[in-house]
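Now for the letters of each chain:
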Protein chains: 2
Amino acid sequence: MNKNYHVRAIPRMFEQVTRQIVDFITFGKLSPNSKLPTERQLSESLQVSRSSIREGLRILELLGYLSSRQGEGTFVSSPPSFLIPGHVLNHKIEAVELDRYFEIALMCVEKIVFLSLEKMKTGCITFPMPNDGETDPFWNKFMVLITSLGEQLSNPYYVSLFSHTFELLNENGYFLAKEKPFDFSVFRDALLAGNRGKTADFLMLLSAA
Amino acid sequence: MNKNYHVRAIPRMFEQVTRQIVDFITFGKLSPNSKLPTERQLSESLQVSRSSIREGLRILELLGYLSSRQGEGTFVSSPPSFLIPGHVLNHKIEAVELDRYFEIALMCVEKIVFLSLEKMKTGCITFPMPNDGETDPFWNKFMVLITSLGEQLSNPYYVSLFSHTFELLNENGYFLAKEKPFDFSVFRDALLAGNRGKTADFLMLLSAA
DNA sequence: GTCGATTTGTTCGTATGTATC
DNA sequence: TGATACATACGAACAAATCGA
C-alpha cells in the first residue's frame, strides 16, 4: 500500500488547462505581447468551466508566461519565464533547452562544492552514508552527494535551486543517455580529502560532459 | 501619462488571499504537514469567495508552499519554496533572508561576467550606452550593466535568475542602505578592457559588501 | 464626454468525486 | 455499508476596467 502523495494519477482540470495553453502558445508560435483568446472562448474551445480556465491562467501568470489586464485581455509575456516545472508542459523540453538548465545546475554545484570545501576546514561537514545502493547510476549518486552537502550550508537556496533544476532534468530523461564523465568514487574521495585542485578538475569535466 | 502595466494599483482578490494565507502560516508558526482550514472556512473567515480562495491556493501550491489532496484537505509543504515573489508576501522579508538572495544574485553575476569576458575575446559583446542618467545610484547602474551583458549570452537563464533575484531585493529596499563597494566607472572600465584579474577583485568586494 | 460592447475580476449555488471513520 | 468532511468542477450572474464609436 505504498501510497505516494507526490504522484497524482489524474491531472486536475487546471493542470490540463495550463498545458493546453502552453501548447497553444508554443505550437501556435504566438509572439510576446500577442493576445490570447478570451476566458470564455478558452472555456468553450477546451470544454471546461471558466473557473478552471482561470486557475490555469493564474499559474501561467505567476510563471511569467502571461499577464492579464481587466477590461483588455490576457497577453503573452516577455521575457519568457525561468524554470518552468515539468508538469506544466505537455511536450518534452528541447535538448538545447535542457543543456541550459544543466548549466544552471552546474553553477550551483560549483558553489555548493567550493563552499563545502571552505567549511571543511572547520571540520563540520558530514558526507552521505555509503549506502548499499552502490549500483545506483552515476548521476543519482552525484545528486545525492551534492544535495547532502548543500543542505549543510547556511544558505539553503543553492541546494534548492540545484534540486529544482536537477529534478526537471531528470523528469525529462536528460541523464539517461548522458555519459558519466568520471568515476564517482574518485570524485567523492577527492572531495573528502579536501583536494581543491582535483575537485575543480572534475567539475571542468562535468561542464564538458 | 506614463502608464506602467507592471504596477497594479489594486491587488486582486486572489493576491490578497495568498498573502493572508502566508501570514497565517508564518505568524501562526504552522509546521510542515500541518493542515490548513478548509476552503469553505477560509472563504468565510477571509470573507472571500471560494473561487478566489482557490486561485490563491493554486499559487501557493505552485510555489511549493502548500499541497492539496482531494477528500483530505490542504497541507503546509516541506521543504519551503525557493524565490517567493515579493508580491505574494504581506510582510517584509527578513534581512538574513535577503542576504541569501543576494548571494544567489552574486553567483549569477560571476557567471555572467566571466562568460562575457570569454566572449569578448571573439569581440562580439556590446556594453550599454553611457546614458545621461549618470546620477543613477550605484546598484542601478550595476544592474543595467549585468543585465545587458547577460542578455547577450547564449544561455538566457543566468540573466533571468539574476533579474528575478535582483528585483526581489530591490522591492524590499535591500540596496537603500547598502554601501557601494567600489567606484562603478572603474569596474566598468576594467570589464571593458577585459582585465580578468581586476574584475575578479571587484567581485570579491561585492560579496563582502 | 458619453454610451455601449468587450473582457477580466468576483461571487454564489450546486453537484460530484474522494478520503476517512 | 453508510455517513461525514473535503477538494474538485461547473455555470450563471454581476462588478469593474478598457476601448472605440
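Conventions used here
- Residues numbered from 1 in each chain as written.
- Chains lettered and ligands numbered in written order.
- Predicted model: local features only at pLDDT ≥ 70, side-chain atom pairs only at ≥ 80, totals over all residues.
- Heavy atoms only, no water.
- Helix = DSSP H or I, 4+ residues; strand = E, 2+ residues; numbered from the N terminus.
- Buried < 20%, exposed > 50% of the residue type's maximum accessible area, 1.4 Å probe, protein only.
- Areas by Shrake-Rupley, 256 points an atom, 1.4 Å probe, with all protein chains shown as cover.
- Domains from an automatic or database assignment.
- Contact = heavy atoms within 4.5 Å.
- Buried area = accessible area lost by both parts, 1.4 Å probe.
- Near = heavy atom within 4 Å.
- Polar contact = N/O pair within 3.5 Å; in protein donor to acceptor, adjacent residues only side chain to side chain.
- Nonpolar A, V, L, I, M, F, W, Y, C, P; charged D, E, K, R; others polar.
- 1 Å grid on protein atoms, 1.4 Å probe; cavity = no way out; pocket = protein on both sides within 12 Å on 5 of 7 lines; lining within 4 Å.
- Points joined across faces, edges and corners; volume = space filled by probe spheres on them.
- Core = buried A, V, L, I, M, F, W, Y, C linked by side-chain atoms within 4.5 Å.
- Phe/Tyr/Trp six-rings, centres within 6.5 Å; stacked < 30°, edge-to-face > 60°.
- Salt bridge = Lys/Arg side-chain N within 4 Å of Asp/Glu carboxyl O.
- Least-squares fit on C-alpha atoms with pLDDT ≥ 70 in both.

A. Highlighting the overall build of chain A. Scanning chain A from terminus to terminus reveals eight helices and two strands. Tracing chain A from N to C terminus, the helices and strands come up as α-α-α-β-β-α-α-α-α-α. Expressed as a percentage of the 209 residues in chain A, the buried residues total 45%. Of the accessible surface of chain A, which amounts to about 11,300 Å², a share of 55% is contributed by carbon and sulfur atoms.

B. Layout of the domain arrangement of chain A. All names here are of chain A. Annotation of chain A at the domain level lists domain 1 (13-76) and domain 2 (85-207). For domain 1 and domain 2, the distance between their C-alpha centres works out to 35 Å. Listed as interface residues are 10 residues of domain 1 and, on the opposing side, six residues of domain 2. A per-residue breakdown of the area domain 1 buries against domain 2 is headed by Arg19, Asp23 and Leu63, which together make up 55% of the total. Among the elements that line the side of domain 1 that touches domain 2, the one with the most residues is helix H1 (residues 13-27), at eight residues.

C. A look at the protein's contact with DNA strand D. Taken together, 23 residues form the shell around DNA strand D, and within it Arg12, Met13 and Ser52 of chain A together with Glu39 and Arg50 of chain B come nearest. The protein-proximal atoms of DNA strand D, defined as those within 4 Å of the protein, are 71% sugar or phosphate. Here Arg50 of chain B contributes a side-chain N or O atom positioned 2.6 Å from a base oxygen of DNA strand D. Split into classes, the residues belonging to the surface near DNA strand D amount to two nonpolar, 10 polar and 11 charged.

D. Structural context of the layout of surface pockets. Taken as a whole, the second largest pocket encloses approximately 1,200 Å³ of empty space. Forming the walls of the second largest pocket are 40 residues, and the residues nearest its centre are Glu110 and Lys111 of chain A together with Glu110, Lys111 and Phe114 of chain B. When contributions to the lining of the second largest pocket are tallied by element, the ones reaching two or more residues are helix H4 (95-120) and helix H8 (196-208) of chain A together with helix H4 (95-120) and helix H8 (196-208) of chain B. Looking at the lining of the second largest pocket residue by residue, the classes come out as 25 nonpolar, two polar and 13 charged.

E. Here's a closer look at the protein's contact with DNA strand C. As a matter of local geometry, DNA strand C sits amid 25 residues, with Arg40 and Arg50 of chain A together with Arg12, Met13 and Ser52 of chain B nearest to it. The sugar-phosphate backbone supplies 67% of the atoms of DNA strand C found within 4 Å of the protein. At 3.4 Å, a side-chain N or O of Arg58 of chain A approaches a phosphate oxygen of DNA strand C. Between DNA strand C and Gly71 of chain A there is a distance of 3.4 Å, counted from a base oxygen to a backbone nitrogen or oxygen. Within the residue set of the surface near DNA strand C, elements represented by two or more residues are helix H2 (39-45), helix H3 (50-62), strand S1 (66-69) and strand S2 (73-76) of chain A together with helix H3 (50-62) of chain B. The element that contributes the greatest number of residues to the surface near DNA strand C is H3 of chain A, accounting for three residues.

F. Region of the structure containing the nonpolar core. Counting 115 residues, the largest nonpolar core has Ile21, Phe142 and Phe187 of chain A together with Ile21, Phe142 and Phe187 of chain B as the members making the most contacts within it. If we ignore the near neighbours within four places in the chain, the residues touching Ile21 of chain B are Leu36, Leu42, Leu57, Leu60 and Leu66 of chain B.

G. Structural view of the packing of aromatic side chains. If you walk through the whole model with that rule in mind, you get 36 aromatic pairs over all chains. With centroids separated by 6.2 Å and ring planes inclined at 65°, the aromatic side chains of Phe102 of chain A and Phe175 of chain A adopt a geometry described as edge-to-face. Of this pair, Phe102 of chain A sits in helix H4 while Phe175 of chain A sits in the loop between helix H6 (157-171) and helix H7 (184-192); the two residues are 73 residues apart in sequence, bridging distant segments of the chain. Residue class for Phe102 of chain A comes out buried when judged on its relative accessible area of 5%. Consider the rings of Tyr157 of chain A and Tyr101 of chain B, whose centres lie 4.6 Å apart with planes at 20°: the pair is stacked.

H. Main features of the pattern of salt bridges. As enumerated under the stated definition, the model contains 26 salt bridges over all chains in all. A salt bridge links Arg12 of chain A to Glu61 of chain B, with the nearest nitrogen and oxygen atoms 2.7 Å apart. Here Glu61 of chain B lies in helix H3 and Arg12 of chain A lies in the segment before H1, a pairing that spans two chains. Both residues of the pair, Arg12 of chain A and Glu61 of chain B, belong to the buried class. Between Arg196 of chain B and Glu118 of chain B there is a salt bridge, with its nearest N and O atoms 4.0 Å apart. Of the two residues, Arg196 of chain B sits in helix H8 while Glu118 of chain B sits in helix H4, which places them 78 residues apart along the sequence. Looking at Glu118 of chain B, the relative accessible area reads 42%, which means it is partly exposed.

I. Highlighting the relation of the copies chain A and chain B. Superposing chain A onto chain B takes a rotation of 180° plus a shift of 0.2 Å along the axis, which leaves an RMSD of 0.2 Å. What the superposition gives is, in effect, a two-fold axis relating one chain to the other. Minimal C-alpha separation from the rotation axis in chain A is found for Glu55 of chain A, amounting to 2.8 Å. Looking at the interface residues of chain A, 94% of them are also at the interface in chain B, so both copies use one shared face.

J. Structural view of empty space enclosed by the protein. All names here are of chain B. Under the defined criterion, the tally for this structure stands at one cavity of 30 Å³ or more. Of the volumes computed, that of the largest cavity is approximately 40 Å³. Lining the largest cavity are Phe102, Ala105, Leu106, Val109, Trp139, Phe142, Phe162 and Phe166. Counting residues per element, the ones that place at least two in the lining of the largest cavity are H4, helix H5 (138-150) and helix H6 (157-171). Among the elements that make up the lining of the largest cavity, the one with the highest residue count is H4 (four residues). Considering only residue class, the lining of the largest cavity consists of eight nonpolar, no polar and no charged.

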